[in-house]
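# Observations on the model geometry
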Amino acid sequence: MYKVWTLLLSLVLSVSLTGCGGEAQMPSAPTEAPGSQQVEPAPPAQTDVTQNAAIDWNSLSYSYTTQELPAQVDGHTIYGEIYIPEGAGEPMPAVIFSHGYGGTHSIGTPYAQALAEKGFVVYCYDFRGGSNASRSDGSPLEMSVFTEKADLEAVLSMLQSLDYVDRERISLMGTSQGGMVSAMTGAAHPEEVRGMMLLYPAFCIPENARAQFSTLESIPEQISFFSWLTVGRRYVEDVWDYDVYADVAAYEKNVLILHGDQDGIVDIAYSQRAIEAYPAAELKVIQGAGHGFSGGNFDLAMKYILDYLSKQLS
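Residues numbered from 1 in each chain as written. Predicted model: local features only at pLDDT ≥ 70, side-chain atom pairs only at ≥ 80, totals over all residues. Heavy atoms only, no water.

With that settled, the discussion passes to the overall build of the protein chain. If you tally the helices and strands in the protein chain, you get eight helices and twelve strands. When the 314 residues of the protein chain are sorted by exposure, 59% land in the buried category. A separation threshold of at least 6 residues defines the contact pool for the protein chain, and within that pool the share at least 24 residues apart is 76%. Working note: accessible area of the protein chain is about 12,200 Å², and carbon and sulfur atoms make up 49% of it. (Helix = DSSP H or I, 4+ residues; strand = E, 2+ residues; numbered from the N terminus. Buried < 20%, exposed > 50% of the residue type's maximum accessible area, 1.4 Å probe, protein only. Contact = heavy atoms within 4.5 Å. Areas by Shrake-Rupley, 256 points an atom, 1.4 Å probe, with all protein chains shown as cover.)

This paragraph deals with the sheet that holds strand 11 (residues 255–260). As summarised here, the arrangement of the eight strands in space is 1-4-6-5-7-8-11-12, forming an open sheet in which the pairing is mixed. Each edge of the open sheet is held by one strand with a lone partner, namely strand 1 (64–68) and strand 12 (281–286). Each strand axis lies, on average, 20 degrees off the axis of its neighbour in the sheet, ignoring direction. Sitting on the sheet, helix 3 (residues 177–188) touches strand 5 (92–98), strand 7 (165–175) and strand 8 (195–199), and the angle it makes with strand 7 is about 140 degrees. (Pairing = 2+ DSSP bridges. Axes fitted to C-alpha atoms, helices over the stretch in contact; angles between N-to-C directions.)

With that settled, consider the pairing of strand 9 (residues 222–225). Of the two faces of strand 9, only one is covered, namely that formed by Ile 223 and Phe 225; the face formed by Gln 222 and Ser 224 stays uncovered. Of the pairings in the sheet, the one linking strand 9 to strand 10 (residues 229–232) comprises four bridges and is antiparallel in character. Across the sheet, Ser 224 pairs through a bridge with Thr 230, a residue of strand 10.

Counting through the fold element by element, Arg 233 comes out in helix 5 (residues 233–237). A distance of 3.0 Å separates the side chain of Arg 233 from the backbone oxygen of Leu 216, its partner in a polar contact. Those residues within four positions of Arg 233 in sequence are excluded, and the remaining contacts are Leu 216, Glu 217, Ile 219, Pro 220 and Glu 221. (Polar contact = N/O pair within 3.5 Å; in protein donor to acceptor, adjacent residues only side chain to side chain.)

Our focus in this paragraph is helix 1 (residues 109–116). The periodicity of an α-helix, 3.6 residues per turn, causes residues three or four positions apart to be oriented the same way. A large share of helix 1 lies buried, amounting to eight of its eight residues. Every buried residue of helix 1 is listed here: Thr 109, Pro 110, Tyr 111, Ala 112, Gln 113, Ala 114, Leu 115 and Ala 116.

Ile 96, Tyr 123, Leu 159, Phe 203 and Tyr 278 are the most contacted members of the largest nonpolar core, which totals 70 residues. Broken down by element, the residue count for this core peaks at seven residues, all from helix 2 (residues 145–160). In contact with Leu 159, not counting residues within four places along its chain, are Ala 94, Ile 96, Tyr 123, Val 165 and Ile 170. Within the second largest apolar cluster, 31 residues are counted, among which are Tyr 83, Phe 97, Leu 115 and Val 122. (Core = buried A, V, L, I, M, F, W, Y, C linked by side-chain atoms within 4.5 Å.)

Attention now moves to the environment of Gly 119. Tracing the backbone through its elements, the reader meets Gly 119 in the loop between helix 1 and strand 6 (121–125). Residue classification places Gly 119 among the buried residues on the basis of a relative accessible area of 0%. Between the C-alpha atoms of Gly 119 and Ile 84, which are 35 residues apart in sequence, the distance is 8.0 Å.

Structurally, Asp 166 can be placed in strand 7. At a separation of 3.0 Å, a polar atom in the side chain of Asp 166 contacts the main-chain amide nitrogen of Glu 168. Apart from the residues within four sequence positions on either side, Asp 166 is in contact with Pro 91, Met 92 and Pro 93.

So, on to the pattern of salt bridges. Pairs can form between side chains of opposite charge once their charged atoms are near each other. Tallying each qualifying case throughout the model produces nine salt bridges. A salt bridge links Asp 307 to Lys 303; the nearest nitrogen and oxygen atoms lie 2.9 Å apart. Here Asp 307 pairs with Lys 303, and both are found in helix 8 (residues 295–312), just four residues apart, close to one helical turn. For Lys 303, a relative accessible area of 44% corresponds to the partly exposed category. (Salt bridge = Lys/Arg side-chain N within 4 Å of Asp/Glu carboxyl O.)

Right, let's get into the packing of aromatic side chains. Going through the model one piece at a time under the given rule, you end up with nine aromatic pairs. Taking the centre distance of 5.8 Å and the plane angle of 50 degrees together, the rings of Tyr 64 and Tyr 83 count as tilted. One end of the pair, Tyr 64, is in strand 1; the other, Tyr 83, is in strand 4 (residues 80–85), and 19 residues separate them in sequence. Overall, the relative accessible area of 11% leaves Tyr 64 in the buried class. Considering the side-chain rings of Phe 203 and Tyr 245, the 5.5 Å spacing of their centres and the 45 degrees angle between planes classify their relative orientation as tilted. In this pair, Phe 203 is assigned in the loop between strand 8 and helix 4 (205–212) and Tyr 245 in helix 6 (residues 244–248), connecting sequence segments 42 residues apart. (Phe/Tyr/Trp six-rings, centres within 6.5 Å; stacked < 30°, edge-to-face > 60°.)

Another point: helix 3. With twelve residues, helix 3 ought to run about 16 Å at 1.5 Å a step, and its terminal C-alpha atoms sit 17 Å apart, in line with that. Residues of helix 3 that are buried: Gln 177, Gly 178, Gly 179, Met 180, Val 181, Ser 182, Ala 183, Met 184, Thr 185, Gly 186 and Ala 187. (Expected span 1.5 Å × (residues − 1).)

Between helix 2 and helix 3, the shortest axis-to-axis distance is 9 Å and the interhelical angle comes to 60 degrees. Considering their axes alone, helix 2 and helix 3 lie oblique with respect to each other. Crossing geometry of helix 2 relative to helix 3 is assigned as right-handed. Contacts between helix 2 and helix 3 pair Val 145, Phe 146, Glu 148, Lys 149, Leu 152 and Glu 153 from the former with Gln 177, Met 180, Val 181, Ser 182, Met 184, Thr 185 and Ala 188 from the latter. Per-class residue counts for the contact of helix 2 with helix 3 are seven nonpolar, three polar and three charged. (Parallel < 35°, antiparallel > 145°, perpendicular 65-115°, else oblique. Left-handed = near helix turned anticlockwise from the far one by under 90°. Nonpolar A, V, L, I, M, F, W, Y, C, P; charged D, E, K, R; others polar.)

Here is the structure:
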């Protein structure tokens, strides 16, 4: 088991229930990390990423195409965008990116660009009702981590059907609430999910639900947080008796968790607790980072992610 111990932060959790699941500074969240520049075509690398031997991902450089690709769940449409490397061989390893509370697929853009350049198919999507700007069907009033789990399961099934995706090497990646949803989905599909990368995962949501309201009866029909998103009673009710740590522990492959030591939205203690719950997990602490990685912290996060994938996919 990989374990990296860090000093327990003395942050006082004064945030609200969904505060722990939201992306930092949501109005500007898509700029969490650099990645909006035009992609310049690059000659295909000599390494074929379809092989199973250990790969030096940092040595690879591919151009890629991006296109819209929907998924379907319960008669509803999920909006998503897929990044497809060119010249990397087929089938290729894939990563599914899940955004946090109040976010959209665009949160994953810098990660998708960086991974596609290394030969990964990457899919970024909007959860149903995940934000007011979501391009997927559904209302925030009907959203919870369990509806989002159903969305991710539908996306996983859709990617498994693509000829150019190696269904044996699909990994999940999620930020904040999307990190928790990824963990839940990986635990439910351990044979189908090759690896998981959880970025400041919001494992605090169930615990804060019980702290926010004294009884189930006291939960209102609508709950507003941060002024930009109003969710429904279901958001709290669905996690009222949910033990996320007992659930996610069913995933026995190695898990990578990245967390900033200055995160004021999700206390790093929740990730420290997670590596105790998982049979195999590694926590990488990014010094000076808050709830989201940018600049040098983004570069460091990508290094950890590529190192992890190199080991996990070999």
